[in-house]
Amino acid sequence: MSEENAEELKQLEAEVKLLQAEIIALQQQRQDSWENVSFQFRGQMQDALAFVCGQTQDLEETVVSRLKEEVEELEKDLKLQTQMNGICLNSCITKTLQSRGQEVVHQVCLSGRSYELVFQVEFQLSELKDGSRTERRIRDLNLVLDSSDLQSLSSFLSRVEETRDLLLFFRTIRSYSEKCDDRTRTFQHFQVSQSRTGQPRTSH
Amino acid sequence: MEGASTRGVLCHLSLLEVQARSRGSQVPQQPSRVKELKAKVEALTSQRDQLKAELQIHKKLQKLRAPVDKRREDGEDEEMDVDSESSELFHLMARHSELTDLLHAHNLIGGYDAITTNGGKGMCFSLATEYEGAYLDTYKLELNLKPKVRISRHNIPPFIPLNSLAEQSDLQTDVRAFLATVSQHLNAFAGRKQQLKLVKEQHKSIEVMESNLLCSILVLMFTVPKDKTPLLCTLEYTDHTRCLPTRVHLNCQDKLVPDSPNWKKNCSLLKEVPVHRALTAIKKASNIV
């Protein structure tokens, strides 16, 4: 009897060790894989995950409708930010390059446009925990602009890349593209009014 | 003969006694230890299964978020159709994570993080500042929108003239222009303040004689290598939307120094390059100690 139990104990202890090792490996995998900031599963996403893992009593339609509600809130929020910031972002891909102790480094790739100005921005973001504060820093900034007016912007672009002034870049292209847009609309307005009065359009 | 067999029996007896005693103390322990371990195995198994499921879902959501062309390239579209069960849920999850990332990106690029407050009657904005890749302080500004657009609460320092900026950009019709101007002033201030911090850190041989809250005046004391003559340098930043000085003025007992070609060059440099970096260049040229 005692032998059987000893045998069972040994088996169970071995199983515990095995599972613990598996869990550590899976946790490492989760950290190493292409990780997006949002894959931290909070709120309705947490509930949805629990449902998919078969760990809740909720019905699928309940989970779906609650998640839908949250997604709609996020869509509204994104519209508001797009309007206020004057920047339309199409995609944001984040990859964790390093997560060591107090410092996390992400590689961020953004694409979008401001009025007619299309951009692609890539940079490294370092976040260093210093007590209760987090110090954020941009490293290695790369800017690509798709603009017919590249000449006037090229020296600005190379300067901003060098100094890594990410926010200055966005403030500048927003005001620049806003002015270009104003200019284009003003020009179009005069073209239209000219053609209405029957006068020949000036070619440009 | 008798001695040996007695010893043998006694030995055997004591052995049985020991066994009985140990059996007696083991038996009550064994089931609870086994139960404990079985419970642990159950908990760990559940944790492992959850992690596995999470990783699978990550993979699936990533595939859903990849551009459609790439998916077709990888021949994965067929795979997606087969899994139509709960596909609405997965598409929602993918869209949720996409939106969360985009909103985070708006914050990273210095967006206003606009929130409506007070049942839509107000709006709160975050004004982020940054200089040369370092994210600095973020300021908050709340506006009341009805009946008129008015500045409500904020934590912007008083030396930034909010009210006159509001008048200049016509707050009633163009909130965005107002915010852009305030942001410009705040970022320029943050930049000047950061430059001062870097001067103190990187150039210990240079004494900061005077600076003001707005960081629009900076008076530095240099030491010229020849005779260790002190040289007073005043930087005036009269354009508060910029991080570079509009005027550089030198004061020295030796009147020849400020008029020298070297120092005329240095004065120009100080107007074109941020002060902490200009000083590095001037030190390198051995114009100051």
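Parameters at a glance
- Residues numbered from 1 in each chain as written.
- Chains lettered and ligands numbered in written order.
- Predicted model: local features only at pLDDT ≥ 70, side-chain atom pairs only at ≥ 80, totals over all residues.
- Heavy atoms only, no water.
- Core = buried A, V, L, I, M, F, W, Y, C linked by side-chain atoms within 4.5 Å.
- Buried < 20%, exposed > 50% of the residue type's maximum accessible area, 1.4 Å probe, protein only.
- Salt bridge = Lys/Arg side-chain N within 4 Å of Asp/Glu carboxyl O.
- Helix = DSSP H or I, 4+ residues; strand = E, 2+ residues; numbered from the N terminus.
- Expected span 1.5 Å × (residues − 1).
- Contact = heavy atoms within 4.5 Å.
- Buried area = accessible area lost by both parts, 1.4 Å probe.
- Polar contact = N/O pair within 3.5 Å; in protein donor to acceptor, adjacent residues only side chain to side chain.
- Disulfide = S-S within 2.5 Å.

K.L.:
What should I look at first to understand the nonpolar core in this one?
P.N.:
As a rule of thumb, soluble globular proteins bury nonpolar side chains together. In terms of nonpolar packing, the biggest core is built from 52 residues, with Val121(A), Phe123(A), Leu166(A), Phe169(A), Phe170(A) and Met93(B) touching the most fellow members. Leu141(B), Phe189(B), Phe222(B) and Val257(B) belong to the second-largest nonpolar core, a separate cluster that totals 49 residues.

K.L.:
Help me out: how do you make sense of the pattern of salt bridges in this one?
P.N.:
Note that side chains of opposite charge can pair when their charged atoms are close. Summed over the entire model, instances satisfying the criterion amount to 22 salt bridges over all chains. The shortest N-O distance in the salt bridge between Glu73(A) and Lys76(A) comes to 3.7 Å. Linking Glu73(A) with Lys76(A), this pair stays in helix H3 (residues 60-85), spanning 3 residues, or about one helical turn. By relative accessible area, which is 55% here, Lys76(A) ends up exposed. The residue Glu142(B) makes a salt bridge to Arg153(B) at a minimum N-O spacing of 2.8 Å. Here Glu142(B), found in strand S3 (residues 134-144), pairs with Arg153(B), found in strand S4 (residues 150-154); they are 11 residues apart in sequence, far enough to count as distant. The class for Glu142(B) is buried, based on a relative accessible area of 10%. Bridged by salt links that share partners, the residues Glu13(A), Arg33(B) and Glu36(B) form one connected network.

K.L.:
How should I be thinking about helix H4 (residues 150-163) of chain A in this particular structure?
P.N.:
Residue pairs spaced three or four apart in an α-helix point in one direction, given the helix's 3.6 residues per turn. Residues and elements named next belong to chain A. The terminal C-alpha atoms of H4 lie 19 Å apart, and with 14 residues this matches the ideal 20 Å at 1.5 Å per residue to within 8%. For H4, every residue scored as buried is listed here: Leu 153, Phe 156, Leu 157, Val 160 and Thr 163. Following H4 by one or two positions, Arg 164 has its phi on the positive side, about 60°.

K.L.:
Whenever I open this one, the interface of chain B and chain A confuses me. Can you help?
P.N.:
One frequent convention defines the size of an interface as the accessible area lost when the parts assemble. Counting residues at the interface gives 66 residues for chain B and 72 residues for chain A. Between chain B and chain A, a total of about 6,700 Å² is buried, with carbon and sulfur atoms accounting for 67% of that surface. For the pair chain B and chain A, the number of links is 6 salt bridges. Between Arg48(B) and Glu22(A) there is a salt bridge; the shortest N-O distance is 2.9 Å. Linking chain B with chain A are 23 residue pairs in polar contact (both at pLDDT 80 or more).

K.L.:
Would you mind going over the state of the cysteines with me for this structure?
P.N.:
Here, disulfide denotes a covalent bond that connects the sulfur atoms of two cysteines. Residue and element names in this part refer to chain B. Scanning the model with the defined rule gives 0 disulfides over all chains in all. Counting only cysteine sulfurs, Cys 243 is the nearest neighbor of Cys 215, a cysteine outside any disulfide, at a range of 10 Å. With no disulfide of its own, Cys 252 has Cys 233 as its nearest cysteine by sulfur position, at a separation of 12 Å.

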